[in-house]
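Topology and contacts: notes
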Amino acid sequence: MNLSRRTLLTSCVAVASATAIGTGFLAQTLMGGSPFRTYVKRIIERRLPYIEIDPKTLDQFARDLEVAWAPNTKQRLASFAGGFGGSVLKMFQPHRVDWFERKVLTTLLLSSDFFQTGAKKGSQLTYYGIRDDGCSAFSYLSDAARETIDLD
Amino acid sequence: MTQRDYDVIVVGSGFGSLFFLKRFLARSGNVRVALVEWGADRSPDEQTRDNSNSSRSLDQCHDEVGGKSWDYTVGLGGGTNCWWGQTPRFLPNDFRMRSTYGVLEDWPVQYDDLEPYYCDAEAIMQVAGAQAIEHIMPRSQPFPLPPHRLSTPDRIMAEACPEAFFPVSTARASQATANRNACCARVACSFCPVNAKFNAYNGMMDVIRDPRVDLFLNAEVRRIEHRGSVATGVVFRQGTREEQLKADLVVLGANAIQSPAILLRSDIQLPKTGRGLCEQLAYGVELKLENVDNFDGGTYTTGWHFGAYDGEHRKHAGATLIQVENHAKFGLRSEYGRWRHSLPLILNTEDIPQDQNRVTVTEAGKARVEFDDYSNYAKAGFEHAMSKMEQLFSALPVEDIVVHGQRETEHHLECSLRMGTDPKASVVDHIGLHHTVRNLLVVGSSVFPTCPPANPSLTIAAMSLRAADQLTS
Ligand SMILES: Cc1cc2nc3c(=O)[nH]c(=O)nc-3n(C[C@H](O)[C@H](O)[C@H](O)COP(=O)(O)OP(=O)(O)OC[C@H]3O[C@@H](n4cnc5c(N)ncnc54)[C@H](O)[C@@H]3O)c2cc1C
Ligand code: SF4
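Quick word on helix H2 (residues 35-47) of chain A
All names here are of chain A. Taking 1.5 Å per residue, 13 residues should reach 18 Å; H2 reaches 18 Å between its end C-alpha atoms and fits that length. Along H2, the residues classified as buried are Pro35, Phe36, Tyr39, Val40, Ile43, Ile44 and Arg47. Mapping the buried residues of H2 onto a view down its axis gives an arc of 170°, with all of them on the same face.

In structure tokens:
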């Protein structure tokens, strides 16, 4: 395994996408739109091409996420930067961009019936409302858990 | 200014203070104790509602220079509120670094001295863990609660590396106890929604509400009064009012930033007072797995890898404890069917207490932390762990290793009032008594002589129980 080469490659891709995201983010902010919601929707379309989600539902998810994660601008920037006290400069670090995008898609998958209905390709997603509970969905529904927990 | 008399004044109500007080009260008869706490009494429900453990923002409590953040809770119960319940013991060699590896310092307390107190602290916190870990940390008692269910990758690792990979020991309950519910792996442990994690509210109220204890809240201790080498009491500020308390013994447990600040404000100084503040150098790393699903364990982190911890490398590179996360710390993967093929790790590497990383006070008397950098020893330790990563996890089908970045803080403050024998090189003695003010006991992680990679709070608790025994025997 060539760790440094691989990490470098990942970094280059992420820097390019971060720059594009950054430009779009700033442009939309200047136009008074919601760059956060637009970005969230693009993440879902780009990184989860195998799910079907009705545009209105996706819009609702983006709105809910905006409210849940960013009650004010400072926190919005911080959450964009990875949620760990990030600053505007830090938010374009490659690992933070990937981390942020995965947090977004994770929240959608766990806030819907995707896993409950068998995680089928192309199935229409039912969105329940933001659910932000890390791993516990898998902790309690996995085979390992069933062996040790009486779910009935 | 009003004045009241006590036998003992305890400053702060976090780990160091409460574990001291628990044992001290159990061994004392009719004593009068003042427990003086800067923060407020806010129940876990109130903390969750406000999304904040502290009753004061940290920028009100200290200034930071050097771009590194430090984290702690100011409030009744101190760090028992915000902590995540990881309770490793330190390894025997952590206490004898100089004699084993020729670096750092030996502690004046050794693993065997602390072992019975580790057991007592684990009993008080109802720690869950697996007996197998006695392979590297000898134990005289079983864990109070059984270990948590391992995640699938952890199970593979524990089978493949029975001498280095173990289920975590933790104060997140694996079964319901009299005061706590079982952990449901919710991964929000600073605000545990199900009361599974040990904290002052579910485990120390007998101490705080003991009729021999007077509790002073929202009371910031500004200084310790002393006449020469004898502490006579403390002065605290409550709102705009200052009050003085007198006592025969002062126990200082205000954390490793605020305790030195109090000593500096009191003009109780030795060359090393406030110097050497440190915590572990920590990184988030992810192993992308070929075809193993993660995240099915019983609590937020279920496994520890000790493969980069102890060994000859410690002569020149710090030990690293690898914590395996059972939650999608870096998110699920997006590729179809590969969502859970991820193993998030936190690498915690020991640092060296360095003089230039220190606590001072501003002209107004506010604590001020100056941080230059982590030591080269710590950086070499991280590099060492990374260089072994493929080998350490060779039992798993690892397809990629991604360094997600350095963590801004590991939430541990240590080593600013170190224990030792020489007043030029340390601040307190083998019990925690100040070298010059002999009725002033310092408790908490400020007294650690070194900064091993393991989380500190179980060791703080054990050291406090031991100090109380030694002072009352
Ligand atoms: C988010 C987070 C997660 C953590 N997770 C873990 C973990 O999993 N495992 C682990 O081992 N450790 C963990 N820690 C670290 C742990 O909280 C500390 O190691 C521990 O609390 C230190 O104990 P202490 O007694 O030294 O200080 P504290 O517990 O911080 O207690 C200090 C007390 O003094 C009070 N005080 C401060 N100044 C004054 C003053 N001037 N006058 C009066 N009172 C004062 C404070 O309000 C507080 O009550 C975590 C910390 C954080 C922040
Ligand atoms: S993992 Fe969840 S249930 Fe367990 S202690 Fe943390 S918050 Fe509580």
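Some points on the pattern of salt bridges
Once their charged atoms are close, side chains differing in charge can pair, the charge on each being opposite to the other. Under the defined criterion, the tally for this structure stands at 41 salt bridges over all chains. With a shortest N-O distance of 3.1 Å, A:Arg47 and A:Asp98 are connected by a salt bridge. Note that A:Arg47 is positioned in helix H2 and A:Asp98 in helix H5 (residues 94-110), a separation of 51 residues in sequence. Judged by its relative accessible area of 17%, A:Arg47 is buried. Note that B:Asp214 and B:Arg32 form a salt bridge whose closest N and O atoms lie 3.6 Å from each other. In this pair, B:Asp214 sits in strand E6 (residues 213-216) while B:Arg32 sits in the loop between helix H1 (15-27) and strand E3 (33-36), placing the two residues 182 residues apart along the sequence. The exposure class assigned to B:Arg32 is partly exposed, which follows from its relative accessible area of 42%. The structure contains a network of salt bridges with shared partners spanning A:Arg46, A:Arg47, A:Asp98, A:Glu101, A:Arg102 and B:Glu286.

Regarding the site of ligand 1
All names here are of chain B. Close contacts around ligand 1 come from 37 residues, with Gly16, Glu37, Gly79, Gln86 and Ser457 the closest. Here an oxygen atom of ligand 1 sits 2.8 Å away from a polar atom, N or O, in the main chain of Gly16. The contact in question runs from an oxygen atom of ligand 1 to an N or O atom on the backbone of Gly79, over 2.9 Å. Within the complex, the protein chains bury 96% of what would otherwise be the 1000 Å² of accessible surface of ligand 1. Among the secondary structure elements, those contributing two or more residues to the shell around ligand 1 are H1, helix H4 (79-82), strand E7 (220-227), helix H10 (258-265) and helix H12 (457-472).

What to know about the nonpolar core
Ranked by internal contacts, the top residues of the largest apolar core, which has 94 residues, are B:Met125, B:Ile224 and B:Phe306. Setting aside its immediate chain neighbours within four residues, B:Phe306 contacts B:Leu91, B:Ile133, B:Ile136, B:Met137, B:Ala164, B:Phe166 and B:Leu321.

Observations concerning the site of ligand 2
As a matter of local geometry, ligand 2 sits amid 13 residues, with B:Cys183, B:Arg186, B:Val187, B:Cys189 and B:Cys192 nearest to it. When the residues that make up the shell around ligand 2 are grouped by side-chain class, the tally is 10 nonpolar, no polar and three charged.

Remarks on the state of the cysteines
Evaluation of the coordinates by the stated rule reveals zero disulfides over all chains. For B:Cys415, which is in no disulfide, the shortest distance to another cysteine sulfur is to B:Cys278 and amounts to 3.6 Å.

Some remarks on the side chain of B:Gln47
Residues and elements named next belong to chain B. Looking at the element boundaries, Gln47 is found in helix H2 (residues 44-50). Among the polar contacts listed, one links the side chain of Gln47 to the side chain of Asn53, at a separation of 2.9 Å. Ignoring anything within four residues of it in the chain, the contact list for Gln47 reads Arg42, Ser52, Asn53, Asn81, Phe191 and Tyr201.

Some remarks on the pairing of strand E9 (residues 241-246) of chain B
Sheet analysis places strand E8 (residues 230-238) of chain B next to E9(B), joined by six bridges and oriented antiparallel. Its bridge partner lying in E9(B), B:Gly233 is registered against B:Lys246.

Reading guide: rules and limits
- Residues numbered from 1 in each chain as written.
- Chains lettered and ligands numbered in written order.
- Predicted model: local features only at pLDDT ≥ 70, side-chain atom pairs only at ≥ 80, totals over all residues.
- Heavy atoms only, no water.
- Helix = DSSP H or I, 4+ residues; strand = E, 2+ residues; numbered from the N terminus.
- Expected span 1.5 Å × (residues − 1).
- Buried < 20%, exposed > 50% of the residue type's maximum accessible area, 1.4 Å probe, protein only.
- Arc of directions from axis to C-beta.
- Salt bridge = Lys/Arg side-chain N within 4 Å of Asp/Glu carboxyl O.
- Near = heavy atom within 4 Å.
- Polar contact = N/O pair within 3.5 Å; in protein donor to acceptor, adjacent residues only side chain to side chain.
- Areas by Shrake-Rupley, 256 points an atom, 1.4 Å probe, with all protein chains shown as cover.
- Core = buried A, V, L, I, M, F, W, Y, C linked by side-chain atoms within 4.5 Å.
- Contact = heavy atoms within 4.5 Å.
- Nonpolar A, V, L, I, M, F, W, Y, C, P; charged D, E, K, R; others polar.
- Disulfide = S-S within 2.5 Å.
- Pairing = 2+ DSSP bridges.

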